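Given next are the chains, with one letter for each unit.
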Amino acid sequence: TRIVSEERVPWHKDVAQVIAGPGFGLLLGLACYLGFKAVDATGPDGARYVLRGAAWVNIFWSLMNLVPVPPLDGGSISKAVLQRVFGRKGFLYAQVIALVVAAAVLLLSLMWQQVFLAVFFGMYLVGAWSMIQAYRRGEVPAEAPESPKEVALGRAEALFREGKYDRARGLCEQLLSQE
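Everything quoted here is computed from the prediction, not taken from an experiment.

How each quantity is defined
Residues numbered from 1 in each chain as written. Predicted model: local features only at pLDDT ≥ 70, side-chain atom pairs only at ≥ 80, totals over all residues. Heavy atoms only, no water. Salt bridge = Lys/Arg side-chain N within 4 Å of Asp/Glu carboxyl O. Buried < 20%, exposed > 50% of the residue type's maximum accessible area, 1.4 Å probe, protein only. Helix = DSSP H or I, 4+ residues; strand = E, 2+ residues; numbered from the N terminus. Core = buried A, V, L, I, M, F, W, Y, C linked by side-chain atoms within 4.5 Å. Contact = heavy atoms within 4.5 Å. pLDDT = per-residue confidence, 0-100. Axes fitted to C-alpha atoms, helices over the stretch in contact; angles between N-to-C directions. Parallel < 35°, antiparallel > 145°, perpendicular 65-115°, else oblique. Left-handed = near helix turned anticlockwise from the far one by under 90°. Nonpolar A, V, L, I, M, F, W, Y, C, P; charged D, E, K, R; others polar. Expected span 1.5 Å × (residues − 1).

### With respect to the pattern of salt bridges
Inspection of the entire model under this criterion finds four salt bridges. Of the charged contacts, one joins Arg-137 and Glu-139 as a salt bridge, the two residues approaching to 2.9 Å between their closest N and O atoms. What makes Arg-137 exposed here is its relative accessible area of 55%. In this structure, the salt-bridge partner of Glu-173 is Arg-169, at a minimum N-O distance of 3.0 Å. Here Arg-169 and Glu-173 lie together in helix H7 (residues 165-178), a separation of four residues that amounts to about one turn. The class of Glu-173 is partly exposed, set by a relative accessible area of 42%.

Given below as structure tokens:
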């Protein structure tokens with residue numbers, strides 16, 4: 001989906017919105033599992049089969065979707081959190097994590113002869129590699145959220161321009177002491 005608004009969604013709201021999908025899938029999987037357990041073993045085989053399958057699929061895909069690899073939801077979450085903490089470099093860190101995780105899952109998939117997962121994580125690996133290369137060329141991210149330190153430095157700069165030198169200096173000293 002794309003946000004049609006001109007306003008940037010705060011990082012924590014973005015993460016909450018992204019987590020909502022896998023969270024609902026996990027809840028649905030749990031509900032199906034409880035339904036499976038509630039249907040008596042002597043109950044209809046079709047109901048037990050459907051509920052067990054729905055529980056497995058929802059739980060598996062919800063957890064799979066939380067793997068920190070774009071375009072999965074986990075990739076969006078890691079990018080949002082790491083950009084919040086590290087600013088623009090957080091994008092690079094998220095891609096490096098995605099590259100390592102995708103390579104590990106790809107290797108495991110090949111060892112376990114899971115072609116479906118191998119194909120997908122191979123594509124995710126290539127995507128992460130190309131994003132790292134684009135970052136190195138300065139192409140992405142076009143507009144990264146600022147880290148808390150960048151925000152504080154911006155406040156200090158604004159105070160300096162307003163002639164509030166002591167307050168600006170205090171903020172800068174506070175930032176430097178955090179290093």
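### Details of the nonpolar core
Ranked by size, the top nonpolar core spans twelve residues in total: Met-64, Val-67, Val-69, Leu-72, Ala-98, Ala-102, Leu-106, Leu-117, Ala-118, Phe-121, Tyr-124 and Ala-128. Among the elements of the structure, helix H4 (88-111) and helix H5 (115-136) are those that each provide at least two residues to this core. Broken down by element, this core gets its largest block of residues, five residues, from H5. For Ala-128, the contacting residues outside a window of four places in its chain are Gln-95, Ala-98 and Leu-99. Core analysis: the second largest hydrophobic core is formed by six residues, Ala-152, Ala-156, Ala-168 and Leu-171 among them.

### Thoughts on the confidence of the model for the protein
Of all residues in the protein, 92% have pLDDT values of 70 or greater, and the mean over the chain is 88. Mean pLDDT values for the elements of the protein range from 80 in helix H6 (residues 148-161) up to 95 in H4.

### With respect to the environment of Gln-95
Structurally, Gln-95 can be placed in helix H4. C-alpha of Gln-95 to C-alpha of Lys-79: the two residues are 16 residues apart in sequence and 7.9 Å apart in space.

### A short note on the packing of H4 against H5
One way to put it is that H4 packs onto H5 with a least axis distance of 8 Å and a crossing angle of 155°. Looking at the two axes, H4 sits roughly antiparallel to H5. The way H4 lies across H5 gives a crossing that is left-handed. Looking at the contact of H4 with H5, its residues break down into 20 nonpolar, three polar and two charged.

### Thoughts on H5
Between the first and last C-alpha of H5 there are 31 Å, a value that for 22 residues agrees with the 32 Å anticipated at 1.5 Å per step. For H5, the complete set of buried residues consists of Leu-117, Ala-118, Phe-121, Gly-122, Tyr-124, Ala-128, Ile-132, Gln-133, Ala-134 and Tyr-135. Packed against the buried residues of H5 are helix H2 (45-65) and H4. Just past H5, the residue Gly-138 takes up positive phi, approximately 85°.

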